[in-house]
Amino acid sequence: MESDGLLFYKDGYKTPEFLSSSFCIHLFGERVIVDHYVLLFPNSETLTDYAKTLINYDAKITEGPGKWPDDFCPEQNLLPEDASMYFLSALMPSGMILVLLAPNAPDEQIASLCQEQGFNTVHHVAILVDDIYSAAQVWQNKGFLPLSMTPQEDGSLCQWFFRNWAGQIIELICRQWTGKETFSCENIAGLRLSELAA
Ligand SMILES: [Fe+2]
């Protein structure tokens, strides 16, 4: 659901059944294929409870859970402390990926986002594309601005964040292989820093 340029999950629609079957959706007037949805939770306990529900739907936990970046990319010491978060991603039997985020501490950026916009806010939605540059043009024509000069590319994943006037972030993602990872340590510092600077 779009409201003044920002995306929110409709009440009652943040469910594994609904999200895992919603590959093809309309976003800002564009028909897109979703690679992953990102859901926010108040803390690691509520996040873990939701993850248990996903496992009951035969989801496979593919990344995490853990404190990000420390438990995932400990070499990423470039990132400021407020970039940290609790992170888990799950692959649904349908092939949809759900990324769950929660703050570890009240001074983290993710905690302020939840406070300002609530837990139904869409942190970002990742759109699967074949050609990241032509997709970038489409979204720039809609008024979305790239958060970095070029995409972050590691040879397997190519990712690029865009942001509109209201502050909504979307991610364009292009996969060279059939992996299900939602980030690489090589890409992430650039992506997260670009998001924090926005
Ligand atoms: Fe993402």
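Predicted, not measured: the structure shown is a model, and the values here were computed from it. (Residues numbered from 1 in each chain as written. Predicted model: local features only at pLDDT ≥ 70, side-chain atom pairs only at ≥ 80, totals over all residues.)

1. Here's the deal with the pairing of strand S12 (residues 169-175)
Logical step 1: A large share of S12 lies buried, amounting to six of its seven residues.
Logical step 2: Bridging between strand S8 (residues 124-128) and S12 involves five bridges; their strand directions are parallel. Bridge pairing in S12 places Ala126 opposite Glu171.
Logical step 3: Pairing between strand S11 (residues 157-163) and S12: seven bridges, direction antiparallel. (Buried ≥ 20, exposed ≤ 12 C-beta atoms within 10 Å, placed from the backbone. Helix = DSSP H or I, 4+ residues; strand = E, 2+ residues; numbered from the N terminus. Pairing = 2+ DSSP bridges.)

2. With respect to the confidence of the model for the chain
Logical step 1: Taken as a whole, the chain shows an average pLDDT of 89; of its residues, 99% reach a score of 70 or greater.
Logical step 2: Across the chain, helix H4 (residues 132-141) holds the top mean pLDDT of 97, while strand S1 (residues 2-3) sits lowest at 80. (pLDDT = per-residue confidence, 0-100.)

3. Things to note about the nonpolar core
Among soluble globular proteins, nonpolar side chains are generally buried collectively.
Logical step 1: Counting residues in each nonpolar core, the largest one holds 28 residues, and the members touching the most others are Leu98, Leu100 and Leu101.
Logical step 2: For this core, the secondary structure elements donating two or more residues are strand S4 (30-40), helix H2 (44-56), strand S6 (85-91), strand S7 (97-102) and helix H3 (109-117).
Logical step 3: With sequence-adjacent residues up to four places away left out, Leu98 is seen in contact with Leu19, His36, Tyr37, Leu39, Leu54, Ser89, Ala90 and Met92.
Logical step 4: Judged by nonpolar contacts, the second largest core, of 19 residues, contains Val129, Phe162, Phe183 and Leu191. (Core = buried A, V, L, I, M, F, W, Y, C linked by C-beta atoms within 7 Å. Contact = placed C-beta atoms within 7 Å.)

4. Regarding unusual backbone geometry
Logical step 1: With omega at 5°, the peptide bond leading from Gly64 into Pro65 counts as cis.
Logical step 2: Here Pro65 shows up in strand S5 (residues 60-68).
Logical step 3: The omega angle of the peptide bond from Trp68 to Pro69 is 5°, so this bond is cis rather than trans.
Logical step 4: Note on placement: Pro69 falls in the loop between S5 and S6.
Logical step 5: Even without glycine at this site, Asp4 takes up a positive phi of about 50°.
Logical step 6: Along the chain, Asp4 falls in the loop between S1 and strand S2 (6-7).

5. Describing the pairing of S6
Logical step 1: Among the seven residues of S6, seven are classified as buried, and the element is accordingly described as predominantly covered.
Logical step 2: As judged from the six bridges shared by S5 and S6, these two strands associate in the antiparallel manner. Looking at the pairing, Lys60 lines up with Leu91 of S6.
Logical step 3: Pairing of S6 with S7, which is carried by six bridges, proceeds in the antiparallel orientation. Looking at the pairing, Leu88 lines up with Leu100 of S7.
Logical step 4: Count of turn residues in the S6/S7 antiparallel hairpin: five residues, of which Gly95 carries a positive phi of about 105°.

6. Some thoughts on H2
Logical step 1: Its 13 residues place the ends of H2 18 Å apart at the C-alpha level, agreeing with the 18 Å of an ideal helix rising 1.5 Å per residue.
Logical step 2: Those residues of H2 hidden inside the fold are in contact with helix H1 (16-20), S5, S6 and S7.
Logical step 3: A positive phi of about 65° marks Asp58, the residue just after H2. (Expected span 1.5 Å × (residues − 1).)

7. Some thoughts on the environment of Met1
Logical step 1: Its location among the elements puts Met1 in the segment before S1.
Logical step 2: On the basis of neighbour counts, which here come to 11 C-beta atoms within 10 Å, the residue Met1 falls in the exposed class.
Logical step 3: As a C-alpha pair, Met1 and Gly179 span 178 residues in sequence and 29 Å in three-dimensional space.
Logical step 4: In this view, Met1 contacts Phe8 and Lys10; residues no more than four positions away in its chain are not counted.

8. Structural notes on the environment of His36
Logical step 1: Within the secondary structure, His36 sits in strand S4.
Logical step 2: Look at His36 and you get buried, because 23 C-beta atoms sit within 10 Å.
Logical step 3: The sequence separation of His36 and Ser184 amounts to 148 residues, and the corresponding C-alpha distance is 15 Å.
Logical step 4: Apart from residues lying up to four places away in sequence, His36 is in contact with Ile97, Leu98, Val99, Ala126 and Thr182.

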